[in-house]
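# Inside the fold
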Amino acid sequence: MATTEIPTGTAPEAAAAAPSPVPEAVATARAAFDRGVTRPIAWRRAQLEALLTLLEEGEDRLLAALATDVGKPRLEGWTTDLGVTASEVALLAKNVGKWAKPRRAGLPLTAMPGKARIQPEPLGTVLIIAPWNYPVQLLLEPLAAALAAGNACVVKPSELAPATSAVLTDLLRTHLDDAVQVVEGGPEVATELLEQRWDHIFFTGSTRIGRVVAEAAAKHLTPVTLELGGKSPAIVHKSANLEVAARRIAWGKFLNAGQTCIAPDYVLVDESVQDELVDHIRTAVADFYGEVPKTSEDYARIVNARHFDRLSGLLADGGTPAVGGQTDADERYIAPTVLVDVPDDATIMEEEIFGPLLPVLPITSVADAIDRVNARPKPLALYVFAADDDAVDAVLERTSSGGVCVNHTLVHITPPELPFGGVGDSGQGRYHGQSGFDTFSNLKSVLRKPSRPDPALMYPPYTDTKEKIIRKAI
Ligand code: NAD
């Protein structure tokens, strides 16, 4: 594979003088697609197998890089970044032959005789831009889906996880075909990439940059998948098992120090059980990370000083810490924190938190919770904890979100037959399993007709008799 890149850590003048890697990467990927390299199922399967080898052989280097970038505990790195990716890639490898086959479609009387098929075809050369928080999974899973669908790809890892970006770049260049090009870099490189003409853009990141991507894509009318963020609520009904709800909320929130797109952002809890829930979360945090989470090997760090400062600002005016609240700038450590008495106008309730701060707000009823959720942009995930099915059904029917998990957090992302994505401000488009294959395919409709018979019914001259027959047939 081509090895052009902007070296990280280079002096600005030198970086400015270095030629951009973008044109060559795009030209190489596009040429591979145009030569038909990526179309055969055998090639697609071989690339997916190569991705599996990459994950296996690169495991130690990737886990070390994840620890360097975000202090990711080894087991978290394996399960949430490498392990899930490997099972998604294996699923695509197993099913690519089946999913790539033409799919039968029914025919109305008016179109008979004939054969209708949906024939998936690759879109062409696609751009994939990834974030830093699960930098392996969120780069390689879309890449695997794009390759399974027969596309050439240019991928850009996040510059905010530089160690992982460097290892991924090296591994992809070693293991994959030239039809996959990696370009490292930050906003300038991303901007230059977005100026190119693509057949699809798959972006994972913030809603703010998602808008930038959608605007750039509109210029060439390029279809986009936007996997974005937002404030995902957890509603706790008084009928819930509070001890289990607390544990599952604490796990989903404090995994990766809250830097998870589908982490519960805030809790809406029935006011009659708020204190009990908070007590259970306090116990869960102590069980998970000990009395001093800073010393736990199982608790991650904030990705960089800018995000640490942003989160410290949210903590300062975000209510009263009922759990945690401690910070250490040198280590970019923020304790697992639960905030109560959160002021209505607190900034923490305006933007996605994306860190280990959990506002807990009292509600008076399920209807109150629903109104509060609906007063905000549609979230990526919504969690509802309740034993009362009527409460669950009311939330399901009267709110909109990318996905829902009842009585747990995060795990709805794992079944490959559940398409993953957002709605409204939290994104558009879906992937995982066959939905990912379909996202990167043109599902071309093909109707094959025999030359005979060739009835004159549809052709001019139109007559009353023809009209009568047509009106009956349609
Ligand atoms: P980000 O939007 O800052 O960056 C994402 C990617 O966009 C990076 O590769 C970055 O280099 C690139 N980028 C930066 N400026 C750009 C520009 N002007 N034009 C084009 N690309 C640009 O997001 P982040 O901080 O890396 O990730 C955190 C956000 O991503 C959170 O909002 C989180 O909820 C969201 N997220 C969503 C999902 C999902 O699956 N829906 C998964 C993970 C993270």
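This text gives an overview of the structure that appears in the document. (Residues numbered from 1 in each chain as written. Predicted model: local features only at pLDDT ≥ 70, side-chain atom pairs only at ≥ 80, totals over all residues. Heavy atoms only, no water.)

## Some words on the site of the ligand
Around the ligand, 26 residues are found, and the nearest of them are Ala130, Glu159, Ser206, Leu228 and Glu352. In the model, an oxygen atom of the ligand is placed 2.8 Å from a nitrogen or oxygen of the Trp132 side chain. Contact between the ligand and Gly205: an oxygen atom at 3.2 Å from a main-chain N or O atom of the residue. Relative to its unbound accessible area of 850 Å², the ligand is 92% covered by the protein chains. Ranked by the residues each element gives to the shell around the ligand, the list is headed by helix H8 (residues 187-195), at 3 residues. Grouping the constituent residues of the shell around the ligand by class yields 16 nonpolar, 6 polar and 4 charged. (Near = heavy atom within 4 Å. Polar contact = N/O pair within 3.5 Å; in protein donor to acceptor, adjacent residues only side chain to side chain. Areas by Shrake-Rupley, 256 points an atom, 1.4 Å probe, with all protein chains shown as cover. Helix = DSSP H or I, 4+ residues; strand = E, 2+ residues; numbered from the N terminus. Nonpolar A, V, L, I, M, F, W, Y, C, P; charged D, E, K, R; others polar.)

## A few points about the packing of aromatic side chains
Geometry of an aromatic ring pair is reported as the spacing of the ring centres plus the angle between the planes. For the structure on display, the rule yields 8 aromatic pairs. Between Trp132 and Phe354, the aromatic rings sit 5.6 Å apart at their centres with planes inclined by 80°, giving edge-to-face as the arrangement. One end of the pair, Trp132, is in the loop between strand S3 (125-129) and helix H6 (137-148); the other, Phe354, is in the loop between strand S13 (337-340) and strand S14 (357-363), and 222 residues separate them in sequence. Just as Trp132 is buried, Phe354 falls in that class too. (Phe/Tyr/Trp six-rings, centres within 6.5 Å; stacked < 30°, edge-to-face > 60°. Buried < 20%, exposed > 50% of the residue type's maximum accessible area, 1.4 Å probe, protein only.)

## Let's talk about a nonpolar patch on the surface
On the surface, Leu396, Val404 and Val406 cluster together into a nonpolar patch covering about 200 Å² of accessible area. Its place among the elements puts Leu396 in helix H14 (residues 389-398). When its relative accessible area of 42% is taken as the criterion, Leu396 is described as partly exposed. (Patch = residues over 30% accessible without salt bridge, like charges linked within 9 Å, V, L, I, M, F, W, Y side chains within 5 Å. Salt bridge = Lys/Arg side-chain N within 4 Å of Asp/Glu carboxyl O.)

## With respect to the nonpolar core
Leu51, Leu140, Leu143 and Leu172 are the most contacted members of the largest nonpolar core, which totals 135 residues. With 9 residues, the top contributor of residues to this core is H6. Beyond its immediate chain neighbours, meaning those up to four positions away, Leu143 contacts Leu51, Ile128, Cys153, Val155, Leu172, Leu176 and Val180. (Core = buried A, V, L, I, M, F, W, Y, C linked by side-chain atoms within 4.5 Å. Contact = heavy atoms within 4.5 Å.)

## As for the side chain of Gln137
Along the chain, Gln137 falls in helix H6. The buried category is assigned to Gln137, whose relative accessible area is 9%. Ignoring any residue separated from it by four or fewer positions in sequence, one finds Gln137 in contact with Thr80, Asp81, Val84, Thr85, Pro142 and Ile413.

## With respect to the sheet that holds strand S5 (residues 180-182)
In spatial order, the strands read S5-S4-S3-S6-S7-S17; together these 6 strands make up an open sheet with mixed pairing. Each edge of the open sheet is held by one strand with a lone partner, namely S5 and strand S17 (427-428). Here 5 bridges tie S3 to strand S4 (residues 152-156), and the two strands are oriented parallel to one another. Opposite Val126, over in S4, you have Cys153 as the bridge partner. Where helix H2 (residues 22-34) meets the sheet, its contacts fall on S3, S4 and S5, and the angle it forms with S4 comes to roughly 155°. In the packing of H6 onto the sheet, the strands contacted are S3, S4, S5 and strand S6 (200-204), and the crossing angle to S4 comes to about 170°. (Pairing = 2+ DSSP bridges. Axes fitted to C-alpha atoms, helices over the stretch in contact; angles between N-to-C directions.)

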